[in-house]
Each structure stands twice: as structure tokens, then as C-alpha cells.
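An overview of the molecular structure
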Amino acid sequence: MKILTLNCNGIRSAISKGLLTMISSENPDIIAFQETKAPENEIRKEHWKEMGYEIQTCIADKAGYSGVCTLVKKSPLSSISGYGDEFSSQKEDPFY
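Residues numbered from 1 in each chain as written. Predicted model: local features only at pLDDT ≥ 70, side-chain atom pairs only at ≥ 80, totals over all residues. Heavy atoms only, no water.

Of regular secondary structure, the protein chain possesses 4 helices and 6 strands. Ordered by position from the N terminus, the helices and strands of the protein chain form the series β-α-α-β-α-α-β-β-β-β. Within the protein chain, the proportion of its 96 residues that are buried is 27%. Sequence-distant contacts, at least 24 apart, represent 59% of the contacts inside the protein chain between residues at least 6 apart. Here the protein chain displays about 6,300 Å² of accessible surface, and carbon together with sulfur accounts for 51% of that area. (Helix = DSSP H or I, 4+ residues; strand = E, 2+ residues; numbered from the N terminus. Buried < 20%, exposed > 50% of the residue type's maximum accessible area, 1.4 Å probe, protein only. Contact = heavy atoms within 4.5 Å. Areas by Shrake-Rupley, 256 points an atom, 1.4 Å probe, with all protein chains shown as cover.)

As a further point, take the sheet that holds strand β1 (residues 3–7). Read from one edge to the other, the open sheet built from 4 strands follows the order β1-β2-β4-β3, with strand pairing classed as mixed. Two strands bound the open sheet, and with one partner strand each, they are β1 and β3 (54–58). Within the sheet, the average angular offset between the axes of one strand and its neighbour, ignoring direction, is 10°. Relative to strand β4 (residues 68–72), strand β2 (residues 30–34) is paired through 5 bridges, and the arrangement is antiparallel. Directly across from Ala32, in β4, lies its bridge partner Thr70. (Pairing = 2+ DSSP bridges. Axes fitted to C-alpha atoms, helices over the stretch in contact; angles between N-to-C directions.)

A word on the packing of aromatic side chains. Describing an aromatic ring pair means giving the distance of the ring centres and the angle of the ring planes. Taken as a whole, this structure holds 1 aromatic pair when the rule is applied. Residues Phe33 and Trp48 carry aromatic rings whose centres are separated by 5.9 Å and whose planes lie at 55° to one another, so their mutual orientation is tilted. Residue Phe33 is found in strand β2, and its partner Trp48 is found in helix α4 (residues 46–50); the two are separated by 15 residues along the sequence. As far as burial versus exposure is concerned, Phe33 and Trp48 are alike and both buried. (Phe/Tyr/Trp six-rings, centres within 6.5 Å; stacked < 30°, edge-to-face > 60°.)

Next up on the list: the pattern of salt bridges. Note on pairing: side chains with opposite charge can pair once their charged atoms come close. Here the structure, examined in full by the defined rule, presents 3 salt bridges. In this structure, Glu26 and Lys2 form a salt bridge, with 3.0 Å as the shortest nitrogen-oxygen distance. Placement of Glu26 in helix α2 (residues 19–26) and of Lys2 in the segment before β1 is noted, with a sequence separation of 24 residues between them. (Salt bridge = Lys/Arg side-chain N within 4 Å of Asp/Glu carboxyl O.)

Counting through the fold element by element, Pro28 comes out in the loop between α2 and β2. Taking the C-alpha atoms as reference points, Pro28 and Leu4, separated by 24 residues in sequence, lie 6.2 Å from one another. Excluding residues that lie within four positions of it along the chain, Pro28 makes contacts with Lys2, Leu4, Ile23, Tyr53 and Lys73.

Another aspect to go through is the nonpolar core. Counting residues in hydrophobic clusters, the biggest one holds 15 residues, and the most contacted among them are Ile11, Leu19, Ile23, Ile31, Phe33, Trp48 and Leu71. Elements with a contribution of two residues or more to this core: α1 (11–16), α2, β2 and β4. The residues touching Trp48, leaving out its near neighbours within four places in the chain, are Ile11, Ile15, Leu19, Leu20, Ile23, Phe33, Ile43, Tyr53, Ile55 and Leu71. (Core = buried A, V, L, I, M, F, W, Y, C linked by side-chain atoms within 4.5 Å.)

The following block contains the structure:
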């Protein structure tokens, strides 16, 4: 199993600098991005699905701040967004 983690310091910027080419050549099973700095609709793009990934995101409330996302090739049995405490939300379908 290959896992890749990256503080991308803005996923849109990282994509413009060749991120998708690097992901294609490395072909990791799991990818964890920190500092996505993008709204969810900018992260949930078709190119990830075409590469075989499903996405789980946790986006900052304020636009342009932080945010993380995990891309996986095999769906997890379950997923919890947040810290896993009473303030977090748990969804039936982790990749809604």
C-alpha cells in the first residue's frame, strides 16, 4: 500500500504546478492533503474520480483558510469528519 501526504499550500496552485502528473506517476492508494485552501466544489473535481479516487473533505468555514482532504482508491468501512467527539458530524455515506 502506498500513502502520500502533502501540505499543498493551496490545492488549485499545486494542480497548476503539476500535482496531477505527480499523482499519476506515483499512483498512491491513499492521499492526504493539508492546507487545501479551497471551497469544496474546487476540490471535488472529476479528475480525481477519473484517476480512481473517492474524496472525503473537511473544509474551513472561512474561504481560503486551511482545509484537508483524503483521497482513497478503496472506500473505508466508515468515516467521521472532525475530531470524533460530540461536535463532529458522522455521515452514513462517507463520500456523499
